[in-house]
Amino acid sequence: MSAHLTTVAGVTVDTRHWIGGERVASTDTFTDVSPIDGSSLGEIARGTAMEAAAAVRAAKAAFPGWAATPRAERARILHAVADGVDKRLEDLAIVETCDNGALLRSHRRGVMPRVAHNFRFFADWLLRLDHEDFQTRGHTNHVSWDPAGPCVLITPWNAPLMLATWKVAPALAAGNTVVLKPAEWSPLTASLLADVAAEAGLPAGVLNVVQGYGSEIGDALTSHPDVRRISFTGSVPTARRIAASAAANLTPLSLELGGKSPLLVFADADLDLAVDLAVEQYDNAGQVCLAATRILVEDAVAGEFTTRFAEKAARLKQGDPRDEATDIGPNIHPRQVEKIDGFVRRAVAAGARAVVGGHRGEGLYYAPTLLTDVAQDAEIVQEEVFGPVLTLQTFTTEEEAVRLANDTRFGLAATVATGDRERAERVTARLVAGTVWVNCFFVRDLQAPFGGSRQSGVGREGGTWSFDFYCDVKNTVTAPKGFKDHG
């Protein structure tokens, strides 16, 4: 087997970059390690500014042809990519599970089908993208969405392929070309996506994949003058560096950043439902930006809620994510586990009480944890942990609940559990969040706007909002006279 190929759970993955329709090696590599057992998954091409420039060059060269491709043809190719994802669903699922430690059952049943849906949805939305012409003093206004140019898409490790294609699909549908930079902790399915796209007939250079460390390749991508859009999902500190890098060229940014979302449980809520919603926040070992990690419970039911929560959490099975019976897998990396444990240890030292968990397991497994007796200004309440760690605070009034919910620098999402429809309307109207769920969690439709408030992000994507970002939206005003009759 070639030195540039690796085999993961029986699936062959090329570890080189994909630039201009060809595999490109780098002088150096980095080791990709599975969080499940610490085994090496392969030596990955370690990109530099040279590969970054080559990828942008390829995207720029391919842009005129792809932008001029009729909408129906672009949509057809994106549907073919979705078909390719479906055909390789099992390969993609097992490789991503080995690479980032998320549950195989989730990848099979939800995540990879969503990857295919991302392409189909934006392909179909492209064909219906329209704005009715309107008149101004007899002049006709016509709105159009023009492709912007090469886009740099920088994606995270917690849901690598799904979150990558949430950006790739609308960018390509809009007629742009793409340079995708996957997270170095989970790069493998991005490489497989390049294969799928090529087999589907996506022209060379329209999708490029460059791998490596953000600190070594990121600035070369985000500061490049030929890049017309940058979309990033990740941490606030990294977003600040990207924004500073992009500033010289005034490159438009879409940023989906951290969260410290609340779950408000009122005394009139269905308590079993509320407990189910709370325990669901341990999904993906707590590595979900939208997770409601701050549980706020009305005093009158706090004791009963905590008891039921502890009983339900105790039934969760933590272990190998390839096992169908597993509920919680490992965290992604030793540095992430150290970070999680540091948050918990400092919180306990400051007076917090772990009523569930509060300790590390073997390897990269961290016990699902619930901390009580925490102050509103405590680090554990204010900062994103990104692990299976929740806090529980109580409130007495609706006013206090809203105040506590809004009292962080974030505003990505919020969840409300209540049996009172009028209360739900009052509370949701006052919550600072890009998405609010009432008596449910993680119900997402691609036609809805998605993004964060405050330091949880900049911009909205989904449906037409995605095309608004990935395009130059143009209004053409035509006078009713002045044309010569050529008839």
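From a predicted model like this one, the values you see are computed outputs, not experimental measurements.

Caption draft 1: Region of the structure containing the overall build of the protein. Helix and strand counts for the protein come out as 15 helices and 22 strands. For 487 residues, the compact-globule estimate of 2.2 N^0.38 gives 23 Å, and the C-alpha radius of gyration of the protein, at 24 Å, lies within 12% of that figure. By principal-axis analysis of the C-alpha atoms, the protein measures approximately 80 × 65 × 40 Å. Counting all 487 residues of the protein, 56% fall into the buried class. Surface summary for the protein: the accessible area is close to 19,500 Å², and the carbon and sulfur share equals 52%. The centroid of the 48 positive side-chain charges in the protein is displaced by 4 Å from the centroid of its 60 negative side-chain charges.

Caption draft 2: Representation of the pairing of strand β1 (residues 5-8) in the model. In β1, alternate side chains face the same way, and those of Thr 6 and Val 8 are buried while those of Leu 5 and Thr 7 on the opposite face are not. In the sheet, β1 pairs with strand β2 (residues 11-14) via four bridges, with the strands oriented antiparallel. Considered in β2, the bridge of Thr 6 is made with Val 13. The turn joining β1 and β2, which pair antiparallel and follow one another in sequence, is formed by two residues; a positive phi near 50 degrees is taken by Ala 9.

Caption draft 3: Spatial organisation of the packing of aromatic side chains. Taken as a whole, this structure holds 15 aromatic pairs when the rule is applied. On the basis of an interplanar angle of 80 degrees and a centroid distance of 5.4 Å, the ring pair of Trp 157 and Phe 386 is categorised as edge-to-face. Remark: Phe 386 occurs in the loop between α12 (379-382) and β18 (389-395) and Trp 157 occurs in the loop between β9 (151-154) and α5 (160-173); sequence separation between them is 229 residues. In terms of burial, Trp 157 and Phe 386 fall into one category: buried. Here a set of aromatic residues connected by ring pairs shows up, and it is made of Phe 121, Phe 122, Trp 125, Trp 166, Phe 450 and Phe 467. A cation sits over an aromatic face here: Arg 346 above Phe 343, 5.2 Å from the ring centre. Lying across the ring of Trp 166, Arg 444 places its NZ or CZ 5.4 Å from the centre.

Caption draft 4: Molecular detail of the side chain of Thr 251. Note that Thr 251 resides in the loop between α8 (236-247) and β13 (253-256). On the accessibility criterion, Thr 251 (7% relative accessible area) is buried. With near-sequence residues (within four places) excluded, Thr 251 lies in contact with Val 227, Arg 228, Arg 229, Ile 230 and Ala 246.

Caption draft 5: Main features of the pairing of strand β14 (residues 262-265). Residue alternation in β14 divides its side chains into two sets, Pro 262 and Leu 264 and Leu 263 and Val 265, and both sets are buried. As paired elements, β14 and strand β15 (residues 294-298) share four bridges and run parallel to each other. When the sheet's bridge partners are listed, Leu 264 is paired in β15 with Leu 296. After leaving β14, the chain enters helix α9 (residues 271-279) and then returns to the sheet as β15, a path that is right-handed. Two strands pair when backbone bridges link them, and β14 and strand β19 (residues 413-417) are joined in this way by three bridges, in the parallel orientation. Bridge assignment links Val 265 to a residue of β19, and that residue is Ala 417.

Caption draft 6: The sheet that holds β15, seen in detail. With mixed pairing, seven strands are arranged side by side in an open sheet as β16-β17-β18-β15-β14-β19-β20. Where the open sheet ends on each side, the last strands, each with one partner, are β16 (353-356) and β20 (435-438). Across the sheet, the axes of successive neighbouring strands diverge by a mean angle of 25 degrees, strand direction being ignored. Here β16 pairs with strand β17 (residues 369-372) via three bridges, running antiparallel. By the bridge assignment, Val 356 is partnered in β17 with Leu 370. In the packing of α9 onto the sheet, contacts are made with β14, β15, β18 and β19, and the angle to β14 comes to roughly 170 degrees.

Caption draft 7: Spotlight on the pattern of salt bridges. Following the criterion strictly, the structure yields 30 salt bridges and no others. Lys 60 is paired through a salt bridge with Asp 226; the nearest N and O atoms lie 3.4 Å apart. Linking Lys 60 in helix α1 (residues 49-68) with Asp 226 in the loop between α7 (214-222) and β12 (229-233), this pair joins segments that are 166 residues apart in sequence. Residue classification places Asp 226 among the partly exposed residues on the basis of a relative accessible area of 21%. Its salt-bridge partner being Lys 312, residue Asp 276 comes within 3.2 Å of it at the nearest N-O pair. Note that Asp 276 is positioned in helix α9 and Lys 312 in helix α10 (residues 299-314), a separation of 36 residues in sequence. For Asp 276, a relative accessible area of 36% puts it in the partly exposed group. Exposure remark for Lys 312: the relative accessible area of 27% places this residue in the partly exposed category.

Caption draft 8: Seen up close, the packing of helix α13 (residues 398-406) against helix α14 (residues 421-430). Look at α13 against α14: their axes get within 10 Å of each other, and the N-to-C directions meet at 35 degrees. In this structure, α13 crosses over α14, and the sense of that crossing is right-handed. Every residue of α14 that contacts α13 at Glu 398, Glu 399, Val 402 and Asn 406 is listed here: Arg 423, Arg 426, Val 427 and Arg 430. Classifying every residue of the contact of α13 with α14 gives two nonpolar, one polar and five charged.

Caption draft 9: Molecular detail of the state of the cysteines. Scanning all chains against the criterion turns up zero disulfides. Here Cys 289 stays unpaired: no disulfide links it, and the sulfur of Cys 440, its closest cysteine neighbor, is 16 Å away. For Cys 289, a relative accessible area of 14% corresponds to the buried category. With no disulfide of its own, Cys 471 has Cys 151 as its nearest cysteine by sulfur position, at a separation of 8.8 Å.

Reading the values: rules and limits
- All chains use their own residue numbering, which begins from 1 and follows the written sequence.
- Note on the predicted model: pLDDT of at least 70 is required for a residue's local features to be given, and 80 or more for side-chain atom pairs to be given and counted; whole-chain, interface and lining totals, by contrast, use all residues.
- Side-chain numbers here rest on the full set of heavy atoms in the structure, without hydrogens or water.
- Think of it this way: any DSSP run of H or I at least four residues long counts as a helix, any run of E at least two long counts as a strand, and we number them from the N terminus.
- We compute the radius of gyration over the C-alpha atoms and compare it with the globule rule, which gives 2.2 Å times the number of residues raised to the power 0.38.
- Each residue is assigned to one of three classes by its accessible area relative to the maximum for its type, calculated with a 1.4 Å probe on protein chains only: buried under 20%, partly exposed between the two thresholds, exposed over 50%.
- Note that accessible areas follow from Shrake-Rupley with a 1.4 Å probe, and for residues the cover is restricted to the protein chains shown.
- Only four residue types enter the tally: Lys and Arg on the positive side, Asp and Glu on the negative side, with His and both chain ends excluded.
- A single reference atom marks each charge: NZ on Lys, CZ on Arg, CG on Asp, CD on Glu.
- The pairing criterion is simple: DSSP has to find at least two bridges between the two strands.
- What counts as a ring pair is set by centres within 6.5 Å for rings of Phe, Tyr and Trp (its six-membered ring), and what kind of pair is set by the plane angle: stacked under 30 degrees, edge-to-face over 60, tilted for all other angles.
- Lysine NZ or arginine CZ positioned within 6 Å of the ring centre and within 35 degrees of the ring normal marks a charge as sitting over the ring.
- Contact between two residues is taken to exist if any of their heavy atoms lie within 4.5 Å; hydrogens are not considered.
- Every crossover in which the path from the first strand over the helix to the second runs clockwise, viewed with the strands pointing away from the viewer, is termed right-handed.
- Here, axes are lines fitted to C-alpha atoms. For helices the fit covers the stretch in contact, and angles between N-to-C directions go from 0 to 180 degrees.
- Each reported salt bridge corresponds to a side-chain nitrogen of Lys or Arg within 4 Å of a carboxyl oxygen of Asp or Glu.
- Each helix crossing is assigned a hand: it is left-handed if the near helix lies turned anticlockwise from the far helix by less than a right angle, otherwise right-handed if that turn is clockwise.
- Residue polarity follows a fixed list, in which Ala, Val, Leu, Ile, Met, Phe, Trp, Tyr, Cys and Pro are nonpolar, Asp, Glu, Lys and Arg are charged, and the others, Gly among them, are polar.
- Note on disulfides: each one is a pair of cysteine sulfur atoms within 2.5 Å.

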